[in-house]
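Residues per chain, in single letters:
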Amino acid sequence: MAHIVILGAGTGGMPAAYELRAALPREHRITVVNAVEYFQFVPSNPWLAVGWRDREAITFPIRPYLEKKDIAFVAQRVMRIDAEGNRLELADGTALGYDHLVITTGPKLAFDEVPGAGPEGHTQSICHVDHAEQAYARYRAFLDDPGPAIIGAMPGASCFGPAYEFAFIFNTDLRRRKLRHKVPITYVTSEPYIGHLGLGGVGDSKSMLESELRSADIKWICNAKVTKVEAGTMHVTELDDHGQVRKDHRLPFSYSMMLPAFKGVDPVAAVEGLCNPRGFVLIDEHQRSRKHRNIWSAGVCVAIPPVEATPVATGAPKTGYMIETMVGAIVHNIAAELAGQPAEAKGTWNAICLADMGDTGAAFVALPQIPPRNVNWFRKGKWVHLAKVAFEKYFLYKMKSGSSEPVYEKHVLKMMGIERLESRGTTSP
C-alpha cells in the first residue's frame, strides 16, 4: 500500500486528488494538505474585486467533498519538507509521511521585490480571494472619491491575463456607474508590448488588445519597471527595446491593482536540489523532480523558462489547460510506478485561455506554448465572456462533485474547436 500526499488544494491539487482516486486501487491512501480549509476559484477574483461576485460564490469547504471520495484532508501549513525522510513537518508539530509527494502549491507572491507594493503597501491584488476582497473594499472607498487608476503587472510577472481582465472589468464597472469620466486609467506592464502575455504574443493579440485599450480609453506604458510605490505615486522606469532608460515616470493614482512576480513557496524552495533560484520545482518531461524521484509537481510552482528575453523581466504563464495536462501526466505516472511499470506520460504544454473583458472577452490558443507553433490563435467576442461564466460554474460543480473528468479536454477544447484546429494545423477555425 502506498501513501500519496498532495501539497496544495487549488486548481491543480483538487483535480489531482480526484484523478488519483479514480485511477488507483482503494488500498492506496491519498491525503491532501492545504494551508486553509477552503477551495478558492482564483479566475473569478477579478469579478470579486469589483463586487460582481462574493466570497461565498467562489469558495467552498474542502473537507466534506474530499472525504466523500475517501480522500483524507489536513488543513495545516507545511513548515518543512524532509525529502530524504519522505515526510512533511506541519505547523502543529506533527509529521506526515508519504511514498509519493505531489506539489501543487501555486506561487509565493513576491510583493517585497517592489517597495510599497501589495495589499500591505499601496497596491491591490487579485491573486488570492482575501486580496480580492480587500481590493473590493478599497474600490468601494475609491468610488466615493474617484481619481486616476493604475492597473498592470510588476517586473518579473508571468500571469498577465488577469491584469488585462481586471483593467477591462474595472473600466466596464465604472461606465455602468457613470463614473468612468472621472477616472483616467493607465495600464503599466513589464511586457515589451501590449499582448505579449509572457508568450511572445499569440496571433493578433498585440493589435487586438491595443485596439481594445484604445476603445476603452486606457493609456499604457510597456517595458515598465516599477521601482517603488508610495501613497498615491508609482515610480516607473520605462525602458526601450535595448534595455536602456527611455523615461522615468512618477504616476499619480487613487487606486492601483498590480500583479506581482511569483516565487516558490518557502518550504518547497528550501529543499536542497528541488528548485531553481526562484524556488520553482525543477522537473523532467514526466513532471518528476530531477533529484527526488518520488516528488512530482504541476502548476504555477514548476520551473518553466521564459519564452524569450525581454528588456524588463517577464515569465511564462501556466494556464489552466497546461496545468490539467501536467496533473494528468502525474496521475498516469504514479499509477504506472505503483503497478511496476515505467513512468512515460508527458503533459501537453499548450496555452489556452479565456479572459473576460467586462461585457466581452478574448480567447487565445498557443499550441505549443513556446514558438514556433502549430496553432497561433486569438479571438474576441461576447461569447468568451459567456464561456468564462459557464466555465466558472462548471469547474466549481466538478470540484464539488468529485469528478475526475478533465475540464479543458472534454469541454473547453471542443467549445473552441481546438480539436479541429490541431488536426488541420491551421491558425483559424
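The sections below set out a description of the structure shown in this document. From a predicted model like this one, the values you see are computed outputs, not experimental measurements. (Residues numbered from 1 in each chain as written. Predicted model: local features only at pLDDT ≥ 70, side-chain atom pairs only at ≥ 80, totals over all residues. Heavy atoms only, no water.)

Thoughts on the overall build of the chain
- Counting secondary structure elements, the chain contains twelve helices and 22 strands.
- For 429 residues, the compact-globule estimate of 2.2 N^0.38 gives 22 Å, and the chain sits close to it at 21 Å.
- Principal-axis analysis of the C-alpha atoms places the extent of the chain at approximately 65 × 55 × 40 Å.
- Counting the 429 residues in the chain, one finds 57% classified as buried.
- The contacts of the chain with a sequence gap of at least 6 include a subset with a gap of at least 24, amounting to 66%.
- Carbon and sulfur atoms make up 49% of the accessible area of the chain, which totals about 17,300 Å². (Helix = DSSP H or I, 4+ residues; strand = E, 2+ residues; numbered from the N terminus. Rg over C-alpha atoms; globule rule 2.2 N^0.38 Å. Buried < 20%, exposed > 50% of the residue type's maximum accessible area, 1.4 Å probe, protein only. Contact = heavy atoms within 4.5 Å. Areas by Shrake-Rupley, 256 points an atom, 1.4 Å probe, with all protein chains shown as cover.)

Section: the packing of helix α1 (residues 13-23) against helix α10 (residues 382-401)
- Close contact between α1 and α10 brings their axes to 10 Å; oriented N to C, the two are set at 45 degrees. As the angle between them shows, α1 and α10 are arranged oblique. Pair α1 / α10 crosses with left-handed handedness. Touching Met14, Pro15 and Tyr18 of α1 are Phe395, Lys398 and Met399, all from α10. (Axes fitted to C-alpha atoms, helices over the stretch in contact; angles between N-to-C directions. Parallel < 35°, antiparallel > 145°, perpendicular 65-115°, else oblique. Left-handed = near helix turned anticlockwise from the far one by under 90°.)

Re the layout of surface pockets
- Reported here for the second largest pocket is a volume of approximately 260 Å³.
- Split by residue class, the lining of the second largest pocket holds eight nonpolar, six polar and three charged. (1 Å grid on protein atoms, 1.4 Å probe; cavity = no way out; pocket = protein on both sides within 12 Å on 5 of 7 lines; lining within 4 Å. Points joined across faces, edges and corners; volume = space filled by probe spheres on them. Nonpolar A, V, L, I, M, F, W, Y, C, P; charged D, E, K, R; others polar.)

Some remarks on the pattern of salt bridges
- The full count for this structure, using the stated rule, is 21 salt bridges.
- Where Arg87 meets Glu89, a salt bridge forms, and the shortest distance between an N and an O atom there is 3.1 Å.
- Judged by its relative accessible area of 22%, Glu89 falls in the partly exposed class.
- Salt bridges linked by common partners bring Arg80, Asp82, Arg87 and Glu89 together as one network. (Salt bridge = Lys/Arg side-chain N within 4 Å of Asp/Glu carboxyl O.)

Re the pairing of strand β15 (residues 233-239)
- When you tally the buried positions in β15, you get seven out of seven residues, the bulk of the element.
- Going residue by residue along β15, you find Thr233, His235, Thr237 and Leu239 tucked away on one face and Met234, Val236 and Glu238 tucked away on the opposite face as well.
- Direction of pairing for strand β14 (residues 224-230) relative to β15: antiparallel, over a ladder of six bridges. Counted as the bridge partner of Val229 is Met234 from β15.
- In this sheet, strand β16 (residues 245-252) lies alongside β15 in antiparallel orientation, the contact comprising seven bridges. Counted as the bridge partner of Leu239 is Val245 from β16.
- Between the antiparallel neighbours β15 and β16 lie five residues, among them Gly243 with a positive phi of about 85 degrees. (Pairing = 2+ DSSP bridges.)

Section: the side chain of His292
- Considering the arrangement of structural elements, one finds His292 in the loop between α8 (266-269) and β19 (295-297).
- Owing to a relative accessible area of 6%, His292 belongs among the buried residues under this scheme.

Points about the side chain of Glu392
- Position of Glu392 relative to the elements: it lies in helix α10.
- Only 2.6 Å separates the side chain of Glu392 from the side chain of Ser44, close enough to count as a polar contact. (Polar contact = N/O pair within 3.5 Å; in protein donor to acceptor, adjacent residues only side chain to side chain.)

Overview of the sheet that holds strand β11 (residues 149-153)
- Spatially, four strands are ordered β13-β12-β11-β17 in an open sheet, and the strand pairing comes out parallel. Because the sheet does not close on itself, it has two edges, and the strands there are β13 (218-221) and β17 (255-259). Direction aside, the axes of adjacent strands within the sheet are offset by 15 degrees on average.
- Direction of pairing for β11 relative to strand β12 (residues 185-188): parallel, over a ladder of four bridges. Paired with Ile150 across the bridge in β12 is Thr186.

Side note on helix α5 (residues 129-144)
- Its 16 residues give α5 an end-to-end C-alpha distance of 23 Å, which sits within 8% of 22 Å, the value for a rise of 1.5 Å per residue.
- Buried residues of α5: Val129, His131, Ala132, Ala135, Tyr139, Phe142 and Leu143, and no others. In a view along the axis of α5, the buried residues occupy a sector of 140 degrees, so they form one face of it. (Expected span 1.5 Å × (residues − 1). Arc of directions from axis to C-beta.)

Thoughts on the nonpolar core
- Ranked by size, the top nonpolar core spans 124 residues in total, and within it Ile81 and Phe170 carry the most contacts.
- Ignoring any residue separated from it by four or fewer positions in sequence, one finds Phe170 in contact with Val50, Tyr139, Phe142, Ala149, Ile151, Val183, Ile185 and Tyr255.
- Ranked by size, the runner-up nonpolar core spans 14 residues in total, among them Ala117, Ala224, Val226 and Met258. (Core = buried A, V, L, I, M, F, W, Y, C linked by side-chain atoms within 4.5 Å.)

A closer look at the environment of Lys108
- Among the structural elements, Lys108 can be located in strand β10 (residues 108-109).
- For Lys108, a relative accessible area of 30% puts it in the partly exposed group.
- It is 16 Å that separates the C-alpha atoms of Lys108 and Gln40, two residues lying 68 residues apart in sequence.
- If sequence neighbours within four positions are ignored, Lys108 has contacts with Ala261, Phe262, Lys263, Gly264, Val265 and Asp266.
- A polar atom in the side chain of Lys108 sits 3.1 Å from the side chain of Asp266.

Keep in mind these numbers describe shape, not what the thing actually does.
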